[in-house]
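Structural description and commentary
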Amino acid sequence: MRPLFIVFMLVSLNSLPQRTVAQAIAEPPVQITILADGKPVGPTSKVPISSQTITLTCQLTPEAHRQHPELDSNVIIKNAVINRVRGTTRVGFLNWSGSGNDLSIAFAPAEAPGDRYIIQLEDARIQYKNGTSVRLHKPIFYTISFRE
């Protein structure tokens with residue numbers, strides 16, 4: 001009975017630090033950067049209606065990167081759902097899959113002022129510098145509006 005207890009304690013103590021590290025960095029804050037036709041979009045997230053492509057990149061905030069130097073600053077985007085909305089009606093959507101830290105959308109010029117894309121990053125991952133990655137538990141939502 002005693003050897004079984006000792007084995008149980010060794011296994012429990014050995015797995016404790018791994019759980020603690022995973023919980024500590026499971027949801028670091030991230031920031032989103034938007035480029036419209038390769039040019040940065042200001043803090044309002046309104047894109048000119050004449051734009052042909054939108055690129056969204058996701059990274060750890062500078063503070064999160066300083067707190068966790070073992071992590072790569074880029075967040076990998078594996079899966080997203082992109083909804084095109086006019087008013088309160090969804091007029092189109094796209095299931096997007098990738099493997100990099102950016103999401104690019106090429107769209108038709110039929111967008112109208114006030115239209116918007118609601119982007120849900122369903123599978124975003126933070127990556128350790130050694131190449132392993134951990135999926136963020138909560139999806140990330142972002143809205144991009146169009147202007148004339």
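Here the structure is a predicted model, which means the values were calculated and not measured.

A count of helical and extended segments in the chain gives two helices and ten strands. From first element to last, N terminus to C terminus, the chain shows the α and β order α-β-β-β-β-α-β-β-β-β-β-β. The buried share of the chain, taken over its 148 residues, is 33%. Sequence separation of 24 or more characterises 63% of the internal contacts of the chain that already satisfy a separation of 6 or more. Accessible area for the chain stands at about 9,100 Å²; split by element, carbon and sulfur atoms hold 57% of it.

As a further point, take the nonpolar core. Soluble globular proteins tend to bury their nonpolar side chains together. Formed by 28 residues in total, the largest nonpolar core has its most connected members in Ile54, Leu103, Tyr117, Ile119 and Leu121. Counting residues per element, this core draws most heavily on strand β8 (residues 116-128), which supplies six residues. For Ile119, the residues in contact, after removing those within four places along its chain, are Leu56, Val81, Ile82, Leu103, Ile105, Ile140, Phe141, Tyr142 and Ile144.

Inspection of the entire model under this criterion finds four salt bridges. Linking Asp123 and Arg125 is a salt bridge whose minimum nitrogen-to-oxygen distance equals 3.1 Å. Take Asp123: its relative accessible area is 11%, and that puts it in the buried class. Through salt bridges that share partners, Arg84, Arg86 and Asp115 make up one connected network.

As for its placement among the helices and strands, His137 is situated in the loop between β9 (133-135) and β10 (140-147). A residue is classified by how much of its surface remains accessible, and His137, at 65% relative accessible area, is exposed. With 15 residues separating them along the chain, His137 and Glu122 place their C-alpha atoms 9.0 Å apart. Looking at His137, its side chain comes within polar contact range of the main-chain oxygen of Arg135, at 3.3 Å.

Turning next to the side chain of Thr61. Residue placement: Thr61 occurs in the loop between β4 (53-60) and α2 (62-67). Judged by its relative accessible area of 15%, Thr61 falls in the buried class.

For the rest of this paragraph, the subject is the pairing of β10. Relative to β10, strand β3 (residues 46-48) runs parallel, the two sharing three bridges. The partner of Lys46 across the bridge, within β10, is Ser145.

On to the confidence of the model for the chain. Taken residue by residue, the chain gives an average pLDDT of 79. The fraction at 70 or more is 80%. Looking across the chain, the model is least confident in helix α1 (residues 2-24), with a mean pLDDT of 40, and most confident in α2, with 92. Residue range residues 1-24 is modelled with pLDDT below 50. Its contacts to residues more than four positions away, or to other chains, number two contacts.

What follows deals with the pairing of β8. One ladder, built from eleven bridges, connects strand β5 (residues 71-86) with β8; its direction is antiparallel. By the bridge assignment, Ala80 is partnered in β8 with Leu121. By the bridge criterion, six bridges tie β8 to β10 in an arrangement that is antiparallel. Within β10, the residue paired with Arg116 across the bridge is Ser145. Relative to β9, β8 runs antiparallel, the two being bridged by three bridges.

A positive phi angle is found at Asp37, which is not glycine, with a value near 50 degrees. With respect to the helices and strands, the residue Asp37 is situated in the loop between β1 (30-36) and β2 (39-40).

Turning to the side chain of Thr57, a few remarks are in order. Its location among the elements puts Thr57 in strand β4. Those residues in contact with Thr57, other than ones at most four positions away along the chain, are Gln31, Ile32, Thr33, Asn101 and Asp102.

What counts, and where the lines are drawn
Within any chain, residue numbers begin from 1 and follow the written order of that chain's sequence. The predicted origin of the model limits local features to residues at a pLDDT of at least 70 and limits the giving and counting of side-chain atom pairs to 80 or more, whereas totals for whole chains, interfaces and linings rest on all residues. Side-chain metrics rest on all non-hydrogen atoms present in the structure, leaving aside hydrogens and water. Numbering goes from the N terminus for both helices and strands, where a helix is a DSSP run of H or I of at least four residues and a strand is a run of E of at least two. Each residue is assigned to one of three classes by its accessible area relative to the maximum for its type, calculated with a 1.4 Å probe on protein chains only: buried under 20%, partly exposed between the two thresholds, exposed over 50%. Residue contacts are counted whenever heavy atoms from the two residues lie within 4.5 Å of one another. Shrake-Rupley sampling with a 1.4 Å probe provides the accessible areas, and residues are treated as covered by the protein chains on show and by no other component. By convention a nonpolar core is built from buried Ala, Val, Leu, Ile, Met, Phe, Trp, Tyr and Cys residues, the set being connected through side-chain atoms within 4.5 Å. A side-chain nitrogen of Lys or Arg and a carboxyl oxygen of Asp or Glu constitute a salt bridge if their distance falls within 4 Å. Between N or O atoms, a polar contact is any pair within 3.5 Å; within protein, one atom must be a potential hydrogen donor and the other a potential acceptor, and residues adjacent in sequence are included only when both atoms are from side chains. Two strands pair under a simple rule: DSSP has to find at least two bridges between them. For every residue, the predictor assigns a confidence score, pLDDT, that lies between 0 and 100.

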